[in-house]
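So you can see what is in the structure, the chains are spelled out below.
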Amino acid sequence: MNQASNFMPTPDQDVLEVKPLRTLAPMFPAPLGVNVFNQLTTSPLVFVAPAGQFPGVFGNSNHPAVRSFSAFGDQDKAISGGQTAAFSDQETGRDESAANGTPNIGANATGPIDATPMSAYKSTQPSVISLDNDDNDDEPYAGNQTSASGRNIKRPSHLSEYNMSDSLGSDSSNGTKIKRPKSSYKTAAADNELSLTPSSNPREIVEVVLMTFEALRRRHLQLDETQETSKRADLKAGAIMMASNLRANIGKRIGTVPGVEIGDIFYFRMELCIIGLHAPSMGGIDYMNAKFGDEDDSVAICIVAAGVYENDDDDTDTLVYSGSGGISRNNEERHDQKLERGNLALERSLSRKNVIRVVRGYKDPACLTGKVYIYDGLYKIHESWKEKTKTGINCFKYKLQREPGQPDGVAIWKMSQRWMENPSARGRVLHPDLSSGTENLPVCLINDVNSEKGPGHFTYITQVKYFKPLSSMKPFQSCRCLSVCLPGDPSCVCAHHNGGDLPYSSSGLLVCRKPMIYECSESCQCSFNCRNRVSQKGVRIHFEVFRTTNRGWGLRSWDAIRGGSFICEYVGEVVDDTKVNLDGEDDYLFRTVCPGEKTLKWNYGPELIGEQSINISADTFEPLPIKISAKKMGNISRFMNHSCTPNVFWQPVQFDHGEDGYPHIMFFALKHIPPMTELTYDYGDIGAEFSGVGSNRAKNCLCGSSNCRGYFS
DNA sequence: GGCACGTCACACCG
DNA sequence: CCGGTGTGACGTGC
């Protein structure tokens, strides 16, 4: 289905008919006074905690006491009361609009709104998703909410003051800066546009923030390609997040950051910034004023070790960190590092013996130019000295030692990197390759839990078996692009199919979840290197099938997987309905059941830049007729377990035939997935379909998420 | 390899 | 003593 016909808000779009998504972009804040939001059918950025939908037995069984929220610092007292009331309502299930006193945006948006579209999004409730940090009992140094200068932190926010139309418009030659307005925070607090209602689960808040950032970044990347605008989509996305206060853990703190776990991986400095892990978007040392008894001291709280001064490779518990400064900007003279700012803070931390978060940066093995940042937990400085560098300046050195008793972070990363270089280094291997060489990379079988020798018998296949031959199916419409399909090419039929843009970024990341993605096919003129061929090329990840403790066999990866990456296809036999019923129970049956909120909201971002949400809501979701059974034959995806807090989602993809009811089911990463993390997707809610006769389909869920629904289909 | 960029802390000002 | 504003320092990502 071509969505183009749905959004044609302005008359001048006639000339751009083949690129409907692009024409939507410059509309913010509706410079022509034309409302672009009246097509919205879903509320922007309204987050309903899944637990809230399933009150009672399962919803909050393993929650600690529901935590109340306060806004950052104390400057928002005026609104924090309302916020608390809204957020602590989770036990009872929720009616979003009633709970927070916000007009239902979805309802508003179905009717025409004129002139000032963003006002439709304004809520009385701030979108600030910060957490109290005073519940860290194990934290001896209560981080106060002030900056190092001792002042409260300001958070101005008024998205509608930004002229996004310039930065996104095709007539802009070099883009427009997204400037933070200088309005006072009081105005800002009252005027927050986005009701990104958090759950009380800090992890979930962090994930939503990161997911939104990524969605924005990918979309900006896509827009930048078709226009000659400046690059740095990461900064643009970051600026929007900062401006609309879509951040977690605002306010500095010593020690752990709620919702951030050791081993978490990041691909941009801005990500560290918006989740409150490391505030400076550039500097390596984050520090703050903290109270030590009666005294104040400015101490370091987090460092990013860029990986330049890599030391002992085997000793992941020690880190020698160099102070900052000394390297001049524009060929000015180098000078010795000074004991000020960050360097001074590190020195103070040595004597105060406070814990310091450490983020280690490495070259991204999957991307030649990229970098990956790994949160490695808490360290303490044990020693400091001065040293002359090769360039002849004096610099400070700090020796940090990892605090004992923490789970492995960087150690896991390094270990799995070693396995990829030398798979025989992986111990406890039951089988070196389940696929017997049919996949691009071997899939090993591991059991380090019990004595079970492996999963039940099945035949490993790498391609879906349809019940009728491909040749008898409706043919795929192909493009005539020479060499490769290029973004912004109006004559590319495949781009047109996908709503005007190529669905993948140049590095192969899916930009947006959609009802259907059309990759280029064999019948297309473009080469195999065309960027619109991603999932058809098969797996690129080192998988291992492993024994879980309580959920049978599972799937995980040695590679770190970046959010939006293709993971694998659900391979098996396509079965028809009559057969499904005859066979009875089939634990390996894939159906396109409506997944949970998290999966549906993967495209969070577009609303923030005034585009129509491509999200499908649970109400409008329609399952496809395709059903795939991997009971007798299948691939790695048959081992992927269900989770109510998944890190993978499925996405229908077409490329070898034209029958949209029977697409390929491809899995993509919902978020960045550290190595050795179990891959899970949401099997979906049983819903009405199976509540009657076939209700034996519902299974008890063991995913262990705090927002676990308790069952799945 | 060079360029352009955003944020924060702090100095400064009225 | 404030609240607001200007600016240097900070590397990053392309």
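Residues numbered from 1 in each chain as written. Chains lettered and ligands numbered in written order. Predicted model: local features only at pLDDT ≥ 70, side-chain atom pairs only at ≥ 80, totals over all residues. Heavy atoms only, no water.

Asker: Is there a simple way to explain the overall build of chain A in this structure?
Answerer: Each helix and strand counted, chain A has 15 helices and 24 strands in total. Across the 713 residues that make up chain A, the buried fraction comes to 58%. In chain A, 74% of the contacts between residues at least 6 apart in sequence involve partners at least 24 apart. When the accessible surface of chain A is summed, it comes to about 29800 Å², and 51% of that surface belongs to carbon and sulfur atoms. (Helix = DSSP H or I, 4+ residues; strand = E, 2+ residues; numbered from the N terminus. Buried < 20%, exposed > 50% of the residue type's maximum accessible area, 1.4 Å probe, protein only. Contact = heavy atoms within 4.5 Å. Areas by Shrake-Rupley, 256 points an atom, 1.4 Å probe, with all protein chains shown as cover.)

Asker: Quick question: what am I supposed to make of the sheet that holds strand 15 (residues 573–574) here?
Answerer: As a general point, the strands of a sheet are linked pairwise by backbone hydrogen bonds and lie either parallel or antiparallel. Strand order in this open sheet of 3 strands is 15-17-16, and the pairing throughout is antiparallel. Looking at the sheet topology across the chains shown, the edges are occupied by strand 15 and strand 16 (589–591). (Pairing = 2+ DSSP bridges.)

Asker: Explain the environment of Asp-660 to me, please; I cannot follow it from the model alone.
Answerer: Locating Asp-660 in the fold gives a position in the loop between strand 20 (648–654) and strand 21 (664–669). With relative accessibility at 26%, the residue Asp-660 sits in the partly exposed group. Expressed as a C-alpha distance, the spacing of Asp-660 and Met-516, which sit 144 residues apart in the sequence, is 7.9 Å.

Asker: Any chance you could explain the pattern of salt bridges here in plain terms?
Answerer: Note that side chains of opposite charge can pair when their charged atoms are close. Under the defined criterion, the tally for this structure stands at 26 salt bridges. Where Arg-348 meets Asp-297, a salt bridge forms, and the shortest distance between an N and an O atom there is 2.9 Å. Of this pair, Arg-348 sits in helix 11 (residues 341–352) while Asp-297 sits in strand 3 (residues 295–305), and the two are 51 residues apart along the sequence. Glu-544 serves as the salt-bridge partner of Arg-556, at 2.8 Å between the closest nitrogen and oxygen. Residue Arg-556 is located in strand 13 (residues 553–557), and its partner Glu-544 is located in strand 12 (residues 543–547); the two are separated by 12 residues in the primary sequence. In this structure, Arg-556 and Glu-544 share a single accessibility class: buried. Each member of the salt-bridge network shares a partner with another, and the members are Arg-203, Glu-207, Glu-261, Asp-264, Lys-598 and Lys-671. (Salt bridge = Lys/Arg side-chain N within 4 Å of Asp/Glu carboxyl O.)

Asker: Please explain the side chain of Arg-638 as it appears in this structure.
Answerer: Positionally, Arg-638 belongs in the loop between strand 18 (633–634) and strand 19 (641–642). The side chain of Arg-638 sits in the buried core without any salt bridge; Asp-586 is the nearest counter-charge, 7.5 Å away. A polar side-chain atom of Arg-638 sits 3.1 Å from the main-chain carbonyl oxygen of Lys-631. The residues touching Arg-638, leaving out its near neighbours within four places in the chain, are Phe-458, Tyr-570, Tyr-588, Ala-630 and Lys-631. (Lys, Arg positive; Asp, Glu negative; His and termini not counted. Polar contact = N/O pair within 3.5 Å; in protein donor to acceptor, adjacent residues only side chain to side chain.)

Asker: Would you mind going over the packing of helix 8 (residues 202–226) against helix 9 (residues 233–243) with me for this structure?
Answerer: Helix-helix packing is characterised by the crossing angle of the two axes and by the distance between the axes. Running from N to C, helix 8 and helix 9 cross one another at 135°; their axes reach a closest spacing of 8 Å. With respect to helix 9, the axis of helix 8 lies oblique. Both helix 8 and helix 9 take part in a crossing whose hand is right-handed. The segment helix 8 lies against helix 9, with Val-209, Thr-212, Phe-213, Leu-216, Arg-217, His-220, Leu-221 and Asp-224 engaging Ala-233, Asp-234, Lys-236, Ala-237, Gly-238, Ile-240 and Met-241. Class assignment for the residues of the contact of helix 8 with helix 9 results in 8 nonpolar, 3 polar and 4 charged. (Axes fitted to C-alpha atoms, helices over the stretch in contact; angles between N-to-C directions. Parallel < 35°, antiparallel > 145°, perpendicular 65-115°, else oblique. Left-handed = near helix turned anticlockwise from the far one by under 90°. Nonpolar A, V, L, I, M, F, W, Y, C, P; charged D, E, K, R; others polar.)

Asker: Teacher, can you tell me more about the domain arrangement of chain A here?
Answerer: When the parts come together, some accessible area is lost, and that loss is often what is quoted as the size of the interface. Along its sequence, chain A is carved into domain 1 (13–407) and domain 2 (424–459 + 471–571 + 632–713). Contacts between the two partners involve 32 residues from domain 1, matched on the other side by 35 residues from domain 2. Here domain 1 packs against domain 2, burying approximately 2700 Å² in sum over the two surfaces, 55% of which is carbon and sulfur. In this structure, the connection of domain 1 to domain 2 is made through 3 salt bridges. Put simply, Lys-671 and Glu-207 hold a salt bridge, and the shortest N to O gap is 2.9 Å. Applying the counting criterion to the domain 1 and domain 2 interface returns 9 residue pairs in polar contact (both at pLDDT 80 or more). If you list the elements that add at least two residues to the side of domain 1 that touches domain 2, you get helix 1 (20–24), helix 2 (50–53), helix 8 and strand 1 (265–266). Ranked by residues supplied to the side of domain 1 that touches domain 2, first place goes to helix 8 with 11 residues. Partitioning the side of domain 1 that touches domain 2 into residue classes produces 13 nonpolar, 8 polar and 11 charged. (Domains from an automatic or database assignment. Buried area = accessible area lost by both parts, 1.4 Å probe.)

Asker: Teacher, can you tell me more about the sheet that holds strand 8 (residues 429–431) here?
Answerer: A sheet is described by the order of its strands in space; here 4 strands give the open sequence 8-9-12-13, paired in mixed fashion. A strand with exactly one partner marks an edge of an open sheet, and here the two such strands are strand 8 and strand 13. Each strand of the sheet is rotated relative to its neighbour by a mean of 35°, with strand direction disregarded. Pairing of strand 12 with strand 13, which is carried by 5 bridges, proceeds in the antiparallel orientation. By the bridge assignment, Glu-544 is partnered in strand 13 with Arg-556.

Asker: What is the right way to read the packing of aromatic side chains from this model?
Answerer: The geometry of two aromatic rings is summed up by the distance between their centres and the angle between their planes. Enumeration according to the criterion identifies 21 aromatic pairs in this entry. For the ring pair Phe-467 and Tyr-662, a centre distance of 6.1 Å and an interplane angle of 80° mean the geometry is edge-to-face. In this pair, Phe-467 sits in the loop between strand 10 (459–460) and helix 13 (493–497) while Tyr-662 sits in the loop between strand 20 and strand 21, placing the two residues 195 residues apart along the sequence. Judged by its relative accessible area of 46%, Phe-467 falls in the partly exposed class. The class for Tyr-662 is partly exposed, based on a relative accessible area of 22%. Centroid distance Phe-590 to Trp-650: 5.6 Å. Interplanar angle 90°. Geometry classified as edge-to-face. Remark: Trp-650 occurs in strand 20 and Phe-590 occurs in strand 16; sequence separation between them is 60 residues. Assessed through its relative accessible area of 2%, Phe-590 is described here as buried. An aromatic cluster of at least three residues, connected via ring pairs, comprises Tyr-570, Phe-590, Phe-621, Trp-650, Phe-667, Tyr-681, Tyr-683 and Phe-712. The ring of Phe-528 is capped by Lys-537, whose NZ or CZ atom sits 4.9 Å from the centre of that ring. (Phe/Tyr/Trp six-rings, centres within 6.5 Å; stacked < 30°, edge-to-face > 60°. Lys NZ or Arg CZ within 6 Å of the ring centre and 35° of its normal.)

Asker: Sorry if this is basic, but what is going on with the side chain of Ser-435 here?
Answerer: Examined against the element boundaries, Ser-435 turns out to sit in the loop between strand 8 and strand 9 (444–446). Excluding its chain neighbours within four sequence positions, the residues that come into contact with Ser-435 are Leu-441, Val-443 and Tyr-460.

Asker: Please explain the nonpolar core as it appears in this structure.
Answerer: Most often, soluble globular proteins keep nonpolar side chains buried together rather than apart. Ile-254, Val-260, Phe-266, Ile-275, Leu-277 and Val-359 are the most contacted members of the largest nonpolar core, which totals 45 residues. Examining the composition of this core, we find that 7 residues originate from one element, helix 8, more than from any other. Those residues in contact with Ile-275 that lie beyond four places of it in its chain are Val-206, Val-209, Leu-210, Ala-248, Asn-249, Val-257, Val-260 and Phe-266. The next biggest cluster of nonpolar side chains, apart from the first, holds 44 residues, and it includes Phe-458, Val-574, Ile-616 and Tyr-681. (Core = buried A, V, L, I, M, F, W, Y, C linked by side-chain atoms within 4.5 Å.)

Asker: Even after reading the chapter, I still don't get the environment of Ser-535, so can you show me in this structure?
Answerer: Mapping Ser-535 onto the fold places it in the loop between strand 11 (517–518) and strand 12. The exposure class of Ser-535 is buried, given its relative accessible area of 3%. In contact with Ser-535, other than residues within four places in its own chain, are Tyr-504, Glu-519, Phe-566, Val-653, Phe-655 and Met-666. In this structure the side chain of Ser-535 is engaged in a polar contact, spanning 2.7 Å, whose partner is the side chain of Glu-519.

Asker: Is there a simple way to explain helix 9 in this structure?
Answerer: For helix 9, a buried count of 9 out of 11 residues is recorded, marking the element as mostly surrounded by other parts of the structure. Where helix 9 ends, the next residue or the one after it, Asn-245, has phi of about 60°, a positive value.

Asker: What is the right way to read the pairing of strand 6 (residues 371–388) from this model?
Answerer: Looking along a regular strand, one sees the side chains alternate between the two faces of the sheet. In the sheet, strand 1 pairs with strand 6 via 2 bridges, with the strands oriented antiparallel. Note on strand 6: the bridge partner recorded for Phe-266 is Tyr-373. In terms of strand pairing, strand 5 (residues 356–363) meets strand 6 through 7 bridges, oriented antiparallel. Of the residues in strand 6, the one forming a bridge with Val-359 is Tyr-375. Direction of pairing for strand 6 relative to strand 7 (residues 394–402): antiparallel, over a ladder of 9 bridges. Within strand 7, the position partnered with Ser-384 by the bridge is Tyr-398. If you look at the hairpin formed by strand 6 and strand 7, you'll find 5 residues sitting between the two strands, and Gly-392 has a positive phi there, around 90°.

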